[in-house]
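What follows is each chain in one-letter form.
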Amino acid sequence: MSDTPEANPLKTITVLGCGATYGVPLAGGVWGLCDPANPKNERTRPSVLVTQNEQCLLIDIGPDFRLQTSRANVIPDTILITHGHWDHIAGIGELPYYMEEVLKGDLNVYTDETCMAFIRGMFPYLFFGEKIDGSTSIVGFGEHNQYKIFWHPIRAYEAFEANGMKILPFSQHHGGSDSLGIRIADFVYSPDVKSFPIQSWNCLADIDTWILDCDYWEPSESHGDPETVLKLVYQFKPRQVFLTHMDEKMDYLVLKSWFVDRGYGHVTPAYDGQMIELRRA
Ligand SMILES: [Zn+2]
Ligand SMILES: [Zn+2]
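Read on for an overview of the structure. (Residues numbered from 1 in each chain as written. Chains lettered and ligands numbered in written order. Predicted model: local features only at pLDDT ≥ 70, side-chain atom pairs only at ≥ 80, totals over all residues. Heavy atoms only, no water.)

Some thoughts on empty space enclosed by the protein
Phase 1 of the analysis: Inspection of every chain in the model, using the stated rule, returns 1 cavity of 30 Å³ or more.
Phase 2 of the analysis: Approximately 60 Å³ is the volume attributed to the largest cavity.
Phase 3 of the analysis: Taken together, Thr82, His83, Gly84, Asp112, Thr114, Cys115, Phe118, Ser177 and Asp178 make up the lining of the largest cavity.
Phase 4 of the analysis: Of all the secondary structure elements, the ones that give two or more residues to the lining of the largest cavity are helix 4 (113-122) and strand 11 (177-184).
Phase 5 of the analysis: Counting residues per element, the lining of the largest cavity draws most heavily on helix 4, which supplies 3 residues.
Phase 6 of the analysis: Taken together, the residues that form the lining of the largest cavity break down as 2 nonpolar, 5 polar and 2 charged. (1 Å grid on protein atoms, 1.4 Å probe; cavity = no way out; pocket = protein on both sides within 12 Å on 5 of 7 lines; lining within 4 Å. Points joined across faces, edges and corners; volume = space filled by probe spheres on them. Helix = DSSP H or I, 4+ residues; strand = E, 2+ residues; numbered from the N terminus. Nonpolar A, V, L, I, M, F, W, Y, C, P; charged D, E, K, R; others polar.)

Here's what the structure looks like:
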């Protein structure tokens, strides 16, 4: 291995999961139109890990949190959540045991007030003994409440810093509700988006690497599709795009060819376990 700066990426994105809400295969082993012989078609629920300077940030904590962190051999202490849908928050149920037996330390969670309301509704038992300090709520776990979750409210267009990374959340239209897109330097993560409000267009300029929703072949109310992706790529001109949140009809090779055939070879489906190296902090 060379020791040149190119050999040392400033930041690495690990695609922990790039499947749609119900994964591929679906429960019961249903592969839909995906070729079960291609391992890139096996998709857990959407989540990525951003690693920089030996610190990491988990984006979204869906029902495959246990499997994804085990496969990647990572123990994140900071989690950012894009919105409160089940496929992005169900792994929160794992946190008490994870914190007591694995992390053995405090955990910071960043999300907006709307998502916090979903989490409180789904996991009310995780908020017993909650303390409030400013806008942050603190919940303790362990025999003596020694391990704490710090719930930090964030808002679209208000940048914040976590684990040495400058993070800019922005609004994305996601059907009946909005999700948060995440910008960190020139990397952008956009799961669960149908379209972007004009206020977010600034956040989509000069993207190097964009992970973008492409759930279905057909247009839908709340998610991306190949034609919509083409329009967004034409508008914002990112250097490279990896597709995520793909359902069981989105075969890896068929989808990849669809973009190549239209002259968009820099748009490709992501796959679980994929690592993307970035050169800018
Ligand atoms: Zn989703
Ligand atoms: Zn969603």
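Having seen the model, we can carry on.
A word on helix 3 (residues 95-103)
Phase 1 of the analysis: Buried within helix 3 we find Leu95, Pro96, Tyr98, Met99 and Leu103.
Phase 2 of the analysis: Lysine 104 lies just past helix 3 and shows a positive phi near 50°. (Buried < 20%, exposed > 50% of the residue type's maximum accessible area, 1.4 Å probe, protein only.)

A few points about the packing of aromatic side chains
Phase 1 of the analysis: By the definition in use, this model includes 12 aromatic pairs.
Phase 2 of the analysis: Arranged with centres 6.2 Å apart and planes meeting at 70°, the rings of phenylalanine 123 and tyrosine 125 form a pair that is edge-to-face.
Phase 3 of the analysis: For phenylalanine 123, a relative accessible area of 6% corresponds to the buried category.
Phase 4 of the analysis: Taken together through their ring pairs, the aromatic side chains of Phe170, Phe196, Trp201, Trp210 and Phe236 make up a single cluster.
Phase 5 of the analysis: One cation-aromatic arrangement involves arginine 120 over phenylalanine 127; the distance from NZ or CZ to the ring centre is 4.6 Å. (Phe/Tyr/Trp six-rings, centres within 6.5 Å; stacked < 30°, edge-to-face > 60°. Lys NZ or Arg CZ within 6 Å of the ring centre and 35° of its normal.)

Some thoughts on the pairing of strand 8 (residues 147-153)
Phase 1 of the analysis: Here strand 5 (residues 107-111) pairs with strand 8 via 5 bridges, running parallel. Bridge pairing in strand 8 links threonine 111 to proline 153.
Phase 2 of the analysis: Here strand 7 (residues 136-141) runs beside strand 8; their pairing, made up of 5 bridges, is antiparallel. Residue pairing across strands places phenylalanine 141 opposite tyrosine 147, the latter belonging to strand 8.
Phase 3 of the analysis: Hairpin connection between strand 7 and strand 8: a loop of 5 residues separates the two successive antiparallel strands, and glycine 142 in this loop has a positive phi of roughly 95°. (Pairing = 2+ DSSP bridges.)

Considering the pattern of salt bridges
Phase 1 of the analysis: Under the criterion given, the structure shown has 6 salt bridges.
Phase 2 of the analysis: In this structure, glutamate 158 and arginine 155 form a salt bridge, with 3.2 Å as the shortest nitrogen-oxygen distance.
Phase 3 of the analysis: Classification of glutamate 158 as partly exposed rests on a relative accessible area of 43%.
Phase 4 of the analysis: When the shortest N-O distance is used, the salt bridge between aspartate 225 and lysine 194 registers 4.0 Å. Residue aspartate 225 is located in the loop between strand 13 (209-213) and helix 5 (226-236), and its partner lysine 194 is located in the loop between strand 12 (187-190) and strand 13; the two are separated by 31 residues in the primary sequence. (Salt bridge = Lys/Arg side-chain N within 4 Å of Asp/Glu carboxyl O.)

Thoughts on the nonpolar core
Nonpolar side chains in soluble globular proteins generally cluster together in the buried interior.
Phase 1 of the analysis: Counting residues in each nonpolar core, the largest one holds 48 residues, and the members touching the most others are Leu80, Ile167, Trp210, Ile211, Leu243 and Phe259.
Phase 2 of the analysis: A total of 5 residues in this core trace back to one element, the largest contributor, which is helix 5.
Phase 3 of the analysis: Contact partners of phenylalanine 259, with chain neighbours within four places excluded, come to Pro226, Val229, Leu230, Leu243, Tyr264, Gly265 and Val267. (Core = buried A, V, L, I, M, F, W, Y, C linked by side-chain atoms within 4.5 Å. Contact = heavy atoms within 4.5 Å.)

Some points on the coordination of the zinc ion (ligand 2)
Phase 1 of the analysis: Protein-derived coordination of the zinc ion (ligand 2) comes from His83 (NE2), His85 (ND1), His174 (NE2) and Asp192 (OD), at a distance range of 2.1 to 2.4 Å.
Phase 2 of the analysis: For the zinc ion (ligand 2), the 4 donor atoms in the first shell make angles of 91 to 167° at the metal, so the coordination geometry reads as irregular.
Phase 3 of the analysis: Each donor residue of the zinc ion (ligand 2) belongs to the same chain, and together they define the spacing H-x1-H-x88-H-x17-D. (Donors = N, O, S within 2.8 Å, 3.2 Å for Na, K, Ca; no water. Tetrahedral: all angles 85-135°; square planar, octahedral: opposite > 155°, others 65-115°.)

A short note on the coordination of the zinc ion (ligand 1)
Phase 1 of the analysis: Within the protein, the atoms that donate to the zinc ion (ligand 1) are Asp87 (OD), His88 (NE2), Asp192 (OD) and His245 (NE2), at distances of 2.1 to 2.2 Å.
Phase 2 of the analysis: Around the zinc ion (ligand 1) sit 4 donor atoms, and with donor-metal-donor angles ranging over 92 to 166° the site reads as irregular.
Phase 3 of the analysis: Counting residues between consecutive donors of the zinc ion (ligand 1) along the chain gives the motif D-H-x103-D-x52-H.
Phase 4 of the analysis: The distance between the zinc ion (ligand 1) and the zinc ion (ligand 2) is 3.5 Å, with aspartate 192 acting as a donor to both metals. Here the residue histidine 88 occupies a position in helix 2 (residues 86-89), and aspartate 192 occupies one in the loop between strand 12 and strand 13, the gap between them amounting to 104 residues. Aspartate 192 matches histidine 88 in its accessibility class, with the two residues each being buried.

Purely geometric stuff here, so don't read any function into it on its own.
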